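Spelled out from the first residue to the last, the chains are:
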Amino acid sequence: MKIFHTADWHLGKLVQGVYMTEDQRIVLQQFLDAIDEEKPDVVIIAGDLYDRALPPVEAVDLLDDLLAEIVIKRKVPVLSIAGNHDSPTRLQFGSKLMRESGLHIAGDLNKDIKTVVLQDEFGEVNFYLVPFAEPSTVKHIFEDPSISTYDEAMKKIIDVIEENMDKLKRHVMISHAFVTPHGEIEENTSDSERPLAIGGTECVSAEYFHPFHYTALGHLHKAHYVLNETIRYSGSPLKYSSSEATHEKGFLIVDLDKDGQATITKRAFIPRRDIRIVEGTIQEILRHPQSEDYVFVQLTDLTPVVGAMEQIRTVYPNAMHVERKSLPRLEETVEGHAVRREQMDDMSLFKAFHNEILGAEPNEISVQLFEEILQEMLNEERESKVTVMNR
């Protein structure tokens, strides 16, 4: 069975005040062209189809056009789940009607985990659609008070799936989570993706996915595998911040043989405009060949540059940001390394601020209170999506 794995489209994305909708349309047309060329049996979209719960009309129209092209015109089934940016209710609306056309969307997690069975010449392949869900939601659904972290929540979900799994058949997991090899804390692959939780409680162990012949993940924007090559992030189709400047964007083609062995190939997208970092003095940059790319400029001039952005845009008309690299703002992290303030996580910023104002590191009680408040804010942000949609 040939599978196309993509994720994190973030339709309606705004980068430095620029809507990326037309750029998204161009690379996703390449995705349609690849479908015509490769003739996949199924397309997986592993969450974050939209960038926010209430996307702009243009983003909704674009998704509608793309799904119609894949499912109705090309007759290729699409299996999709809600990510942490999506509104589950909005994404799942009309799913019972669309299912007959081959569009299967799991917005909300249910006790009966959504399973889609597809056939190829070797028999059945079972696809498990597990949308993003808070640990508290999983705890409530499965009536398990021991669940308090994303790791525990995912383990519970997979345990439930495994109870009814026919080991003689092939199985594919579709999930939206922050997966690391053994559940250890790792840095996000992009600063354009907001954290799910704080203190490492968002991380999920890849070891839990061993029952599946392939795991199609969404959430992290850099394409990579975790623990082994069958547990994969496809990455986002476009770069959405300067932290993604070195990423190679595309999607994955997964060939699943009769024994469930997966062969994975990556196909690259060619963007209308690249996002990249440009470094140099203003005079050096003004001598660059003109480019339409979205650039983040780091000036190395030792003195302030008057009207820097206006000058830069004579060469790079779509320049998004300019800063002085020679004068970075530094703070000390817990490990004693100097890093730029905008690159620090919330906890490190809190500790640096506390130290700067009070001249001392915060005690354990202060750190615990800050973690609790920050987690409440993250939860309220996601809950507000549901509230808005229900009005």
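Note that the structure is predicted; figures quoted are calculated from it, not measured.

Peer 1: With reference to specific residues and values, describe the pairing of strand S1 (residues 2-6).
Peer 2: Where burial is concerned, most of S1 is hidden: 5 out of the 5 residues are buried. Of the pairings in the sheet, the one linking S1 to strand S15 (residues 250-256) comprises 4 bridges and is antiparallel in character. What sits directly across from Phe 4, in S15, is Ile 253. Bridging between S1 and strand S4 (residues 42-45) involves 4 bridges; their strand directions are parallel. Its bridge partner being in S4, Ile 3 is matched across the sheet by Val 42.

Peer 1: Pulling in residues and values, what's your account of the packing of helix H1 (residues 21-38) against helix H2 (residues 57-73)?
Peer 2: Helix-helix packing is described using two parameters, namely the angle between the two axes and the distance between the axes. At a minimum axis distance of 11 Å, the contact between H1 and H2 shows a crossing angle of 5°. By the angle between their directions, the pair H1 and H2 is classed as roughly parallel. Listed contacts from H2 to Thr 21, Gln 24, Arg 25, Leu 28, Phe 31, Leu 32 and Ile 35 of H1 are Glu 58, Leu 62, Asp 65, Leu 66, Glu 69 and Ile 70. Residue composition of the contact of H1 with H2, by class: 7 nonpolar, 2 polar and 4 charged.

Peer 1: Which residues make up the sheet that holds strand S13 (residues 224-226), and what are the values?
Peer 2: Spatially, the 6 strands line up as an open sheet ordered S7-S8-S9-S12-S14-S13, and their pairing is mixed. Each edge of the open sheet carries a strand with a single partner, namely strand S7 (114-120) and S13. Averaged over all pairs of adjacent strands, the angle between strand axes in this sheet comes to 30°, irrespective of strand direction. For strand S12 (residues 214-218) and strand S14 (residues 228-233), the ladder comprises 3 bridges, and the chain directions are parallel. Paired with Thr 215 across the strands is Ile 231, a residue of S14.

Peer 1: Go over the nonpolar core with me, naming the residues and quoting the values.
Peer 2: Counting residues in each nonpolar core, the largest one holds 37 residues, and the members touching the most others are Phe 31 and Val 43. Elements represented by at least two residues in this core include exactly H1, S4, H2, strand S6 (103-106), S15 and strand S18 (294-299). Per element, the largest residue contribution to this core is 7 residues, and it comes from H2. A domain split of this core shows at least three residues from each of domain 1 (2-268) and domain 2 (275-324). What Val 43 contacts, discounting residues up to four positions off in sequence, is Phe 4, Phe 31, Ile 35, Ile 70, Val 76, Pro 77, Val 78 and Leu 79. Formed by 34 residues, the second largest nonpolar core is a distinct cluster that contains Val 130, Met 173, Phe 209 and Tyr 233.

Peer 1: Quick one: what's the story with the side chain of His 10, residue by residue and with numbers?
Peer 2: Note that His 10 resides in the loop between S1 and strand S2 (14-15). Other than its neighbours up to four places away in sequence, His 10 contacts Gln 24, Asp 48, Leu 49, Tyr 50, Asp 51, His 85, Glu 193, His 221 and Tyr 240.

Peer 1: Mind laying out the pattern of salt bridges, listing which residues take part and the relevant values?
Peer 2: This structure, assessed with the given rule, holds 20 salt bridges. Where Asp 65 meets Arg 25, a salt bridge forms, and the shortest distance between an N and an O atom there is 3.8 Å. Of the two residues, Asp 65 sits in helix H2 while Arg 25 sits in helix H1, which places them 40 residues apart along the sequence. You can call Arg 25 partly exposed: its relative accessible area is 33%.

Peer 1: Hey, could you go over the packing of aromatic side chains for me, with residue numbers and the actual values?
Peer 2: As enumerated under the stated definition, the model contains 8 aromatic pairs in all. When the centroid spacing of 6.2 Å and the interplanar angle of 75° are considered together, the rings of Trp 9 and Phe 31 count as edge-to-face. With Trp 9 in the loop between S1 and S2 and Phe 31 in helix H1, this residue pair connects regions lying 22 residues apart in the sequence. Take Trp 9 and Phe 31: they sit in the same class, and that class is buried. Ring plane angle 40° and centroid distance 5.5 Å describe the contact between Phe 251 and Phe 269, whose orientation is recorded as tilted. A residue pair is termed long-range when its members are at least 10 positions apart, and Phe 251 in strand S15 and Phe 269 in the loop between strand S16 (262-268) and strand S17 (275-280) qualify at 18 residues. Under the relative-accessibility criterion, Phe 251 is labelled buried at 1%. Of the aromatic side chains, those joined through ring pairs into one cluster are Phe 4, Trp 9, Phe 31, Phe 251 and Phe 269.

Rules behind the numbers
- Residues numbered from 1 in each chain as written.
- Predicted model: local features only at pLDDT ≥ 70, side-chain atom pairs only at ≥ 80, totals over all residues.
- Heavy atoms only, no water.
- Buried < 20%, exposed > 50% of the residue type's maximum accessible area, 1.4 Å probe, protein only.
- Helix = DSSP H or I, 4+ residues; strand = E, 2+ residues; numbered from the N terminus.
- Pairing = 2+ DSSP bridges.
- Axes fitted to C-alpha atoms, helices over the stretch in contact; angles between N-to-C directions.
- Parallel < 35°, antiparallel > 145°, perpendicular 65-115°, else oblique.
- Contact = heavy atoms within 4.5 Å.
- Nonpolar A, V, L, I, M, F, W, Y, C, P; charged D, E, K, R; others polar.
- Core = buried A, V, L, I, M, F, W, Y, C linked by side-chain atoms within 4.5 Å.
- Domains from an automatic or database assignment.
- Salt bridge = Lys/Arg side-chain N within 4 Å of Asp/Glu carboxyl O.
- Phe/Tyr/Trp six-rings, centres within 6.5 Å; stacked < 30°, edge-to-face > 60°.

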